[in-house]
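# Structural overview
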Amino acid sequence: MPEIVNLLIETFGKHCVLTHEQASTRIASNWKQPGNLNCLALLLPENTQQVSKMLQLCNEYNQPVVPHGGLTNLVGGVVTNANEIALSLERMNKIEEINTTNKTVTVQAGVVLEQLQHAAAEHGQLFPLNLGAKGTCMIGGNIASNAGGLQALRYGVMRHLVLGLEVVLADGTIISSMNKMMKNNAGYDLKQIFIGSEGTLGIITRAVLKLEDMPGTRNTAFIAVNSFDKANELLQLSRKHLNNNLTSFELLWQDYYTLMTSPPSVFAPPLPQTYPFYILMESLGQNEENDKTSFEGFLEGCLNNELIVDATIAQSHQELNWFWGIRENVEHIFSVHDPVFLFDVSLAISDIDIYIKDIRSNLQSIWPDAYLYTFGHMGDGNLHLYVSCGNDNKETKHRVEEIVYKPLQKIGGSITGEHGIGLEKRSWLYLSRTPEEIALMKTIKKALDPKSILNRGKLFE
Ligand SMILES: Cc1cc2nc3c(=O)[nH]c(=O)nc-3n(C[C@H](O)[C@H](O)[C@H](O)COP(=O)(O)OP(=O)(O)OC[C@H]3O[C@@H](n4cnc5c(N)ncnc54)[C@H](O)[C@@H]3O)c2cc1C
């Protein structure tokens, strides 16, 4: 056994350090990375001090470490090689304090997102980050990847929900910045550098997060429109007319909607499959008397003036699950098409329509039978594209990526709105960041992790 593993076992005991063999009974990823974990050892710290001491030793031994949260990352951010040590935060899963006066919650990094949502709800509070992987992903992973999700339009992304952070640097230094205030301008806001750093700058161990009042009303509709411009008009109008309650505005192109509402999908179509665009719109509010009436009245007005052509409002919890299932059950695509390339680009709302039309035509000019399924958070300009063109060899992958990513540079879009860079998008980073930005990122990495032990090779080639 390598010396560093022996030393870690000696220092922390066998319950905190699993050997290569023990770790290899675990899965490597909760998202389509086949096979089991193949690492030198798996560390399971129980507190920040242990994380600190573990990193100190690994740093001394120049030992690469890959931080693991819920392993739902989609871009190879948690890929661990046989010569790397994985460090999972899963045992640091305590919700330390929910403060309903200050509207904050203090958590350890291994708390599962859904567990936090439930705990907050028991106190009449909402923790508004919401995403399909909520039952598995962890707060540390959400912060490290600056997760976005389904309610970012109203509440922002993870960055906007973090007030304070505790991080352990590569050399074991603990940076405790557990601020609980909204305003604190005492020097640099250090936490920002770690949010979205994909485990490359430090290991997040604890956080102070913002809470919101739990909404008392929820109105959700599936809507059909005849053009992208109508969808855009509806978005602008609903922002104005729904008393700032608009929380989700998810756009589904016809082919995605049809796929998700046709067998073998378990979901029937709530509206006919004949329209070019569908919107899943949700409004969360507090006014039990008025919210429903104003939501229905707004949609009725839109129908009357032909802004929208069809709509149906969820009437029960079951219907809510049905509507959201159509939007969220992305795994269904893989049961119909394999292989599939997955993208999460971000761009100005006004550029979306033409961008998608161009991508489709460019793909089909090379692969006439290619499928492009598009849907996403239109309200914040973040789209998910699933492309299937028959094979996934290296050359095809590169050509598809070129078609999807290259046009984004010209229009100031981003190659990733949510999922990050990881291993998958390293070679395209230059399209979304200037050489000077990338150089500064590398300077920061070097300053905080001079031996590059943390998530080595992720983010940068
Ligand atoms: C079905 C599905 C739906 C999804 N929907 C969305 C969505 O709507 N929006 C969105 O943004 N993402 C989405 N994702 C992607 C993913 O769930 C998020 O990126 C999530 O935030 C990752 O959390 P995790 O705990 O699983 O992190 P992991 O996958 O374990 O890790 C993510 C990255 O963070 C690092 N990391 C993990 N924990 C720490 C820590 N404590 N300190 C430092 N670094 C750490 C890892 O090394 C890795 O680079 C989805 C994924 C799936 C499978």
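None of these values were measured; they are calculated from a predicted model. (Residues numbered from 1 in each chain as written. Predicted model: local features only at pLDDT ≥ 70, side-chain atom pairs only at ≥ 80, totals over all residues.)

Attention now goes to the overall build of the protein chain. Helix and strand counts for the protein chain stand at 17 helices and 18 strands. Its C-alpha radius of gyration of 23 Å places the protein chain within 12% of the 23 Å reference for a compact globule of 461 residues. Burial statistics for the protein chain: of 461 residues in total, 44% are counted as buried. (Helix = DSSP H or I, 4+ residues; strand = E, 2+ residues; numbered from the N terminus. Rg over C-alpha atoms; globule rule 2.2 N^0.38 Å. Buried ≥ 20, exposed ≤ 12 C-beta atoms within 10 Å, placed from the backbone.)

Helix-helix packing is described using two parameters, namely the angle between the two axes and the distance between the axes. At a closest axis distance of 11 Å, the pairing of helix α1 (residues 3–12) and helix α3 (residues 48–60) adopts a crossing angle of 155 degrees. Between α1 and α3, the interaxial angle falls into the category roughly antiparallel. The hand of the α1/α3 crossing is right-handed. Here Ile-4, Leu-7, Leu-8, Thr-11 and Phe-12 of α1 lie close against α3, whose contacting residues are Gln-50, Lys-53, Met-54, Leu-57 and Cys-58. (Axes fitted to C-alpha atoms, helices over the stretch in contact; angles between N-to-C directions. Parallel < 35°, antiparallel > 145°, perpendicular 65-115°, else oblique. Left-handed = near helix turned anticlockwise from the far one by under 90°. Contact = placed C-beta atoms within 7 Å.)

Within strand β13 (residues 246–253), eight of the eight residues are buried, which leaves the element mostly enclosed by the surrounding structure. Bridge count for β13 against strand β14 (residues 277–285) is seven bridges, and the pairing is antiparallel. Residue Ser-248 lies in a different strand from β14, and its bridge partner there is Glu-282. As paired strands, β13 and strand β17 (residues 371–377) are joined by two bridges and run antiparallel to one another. Each residue of the ladder has a partner; that of Leu-252, found in β17, is Phe-375. (Pairing = 2+ DSSP bridges.)

Before going further, it helps to examine the site of the ligand. For the ligand, the set of nearby residues contains 35 residues, the closest of which are Gly-69, Gly-77, Gly-140, Gly-141 and Gly-199. When contributions to the shell around the ligand are tallied by element, the ones reaching two or more residues are β3 (65–68), α5 (139–144) and β10 (203–210). A per-class count over the shell around the ligand returns 16 nonpolar, 16 polar and three charged. (Near = placed C-beta within 6 Å. Nonpolar A, V, L, I, M, F, W, Y, C, P; charged D, E, K, R; others polar.)

Strand order across the open sheet formed by five strands is β5-β6-β10-β8-β9, with antiparallel pairing between neighbours. The strands lining the two open edges of the sheet, one partner per strand, are β5 (95–99) and β9 (174–177). Going from strand to strand, the sheet's axes swing by 10 degrees on average, the running direction of each strand aside. On the sheet, helix α4 (residues 113–122) packs against β5 and β6 (104–108) and is oriented at approximately 35 degrees with respect to β5.

Another point: unusual backbone geometry. In this structure, the amide linkage connecting Pro-263 to the following residue, Pro-264, adopts the cis form with an omega of 10 degrees. Within the chain, Glu-306 stands out as a residue other than glycine whose phi angle is a positive 60 degrees. Tracing the backbone through its elements, the reader meets Glu-306 in the loop between α11 (291–304) and β15 (310–313). For Glu-306, a count of 10 C-beta atoms within 10 Å translates into the label exposed.

The subject of this paragraph is α11. Compared with an ideal rise of 1.5 Å per residue, which puts 14 residues at 20 Å, α11 spans 20 Å between its outermost C-alpha atoms and is within 8% of the ideal. Each element contacted by the buried residues of α11 is listed here: β12 (217–225), α9 (228–241), β14 and β15. Where α11 ends, the next residue or the one after it, Glu-306, has phi of about 60 degrees, a positive value. (Expected span 1.5 Å × (residues − 1).)

Right, let's talk about the domain arrangement of the protein chain for a bit. As far as domains go, the protein chain holds domain 1 (3–88), domain 2 (95–213), domain 3 (218–331) and domain 4 (337–438). Distance between the C-alpha centres of domain 1 and domain 3: 43 Å. (Domains from an automatic or database assignment.)

With 119 residues, the main nonpolar core has Ala-41, Leu-43, Ala-207, Ile-223 and Ile-279 as its most contacted residues. Residues in contact with Ile-279, not counting those within four places in the same chain, are Ile-223, Val-225, Ala-231, Leu-234, Phe-249, Glu-250 and Leu-251. (Core = buried A, V, L, I, M, F, W, Y, C linked by C-beta atoms within 7 Å.)

Turning next to α9. The end-to-end C-alpha separation of α9 is 20 Å, in line with the 20 Å expected for 14 residues at 1.5 Å each. Restricting attention to buried positions, one finds in α9 the residues Lys-230, Ala-231, Leu-234 and Ser-238. Seen along its axis, α9 keeps its buried residues to an arc of 100 degrees; they face one direction. Exposed and oriented more than 90 degrees from the buried face of α9 are Asp-229, Gln-236 and Lys-240. Structurally, α9 contributes buried residues whose contacts are with β12, β13, β14 and α11. At the C-terminal side of α9, Asn-243 shows a positive phi close to 50 degrees. (Arc of directions from axis to C-beta.)

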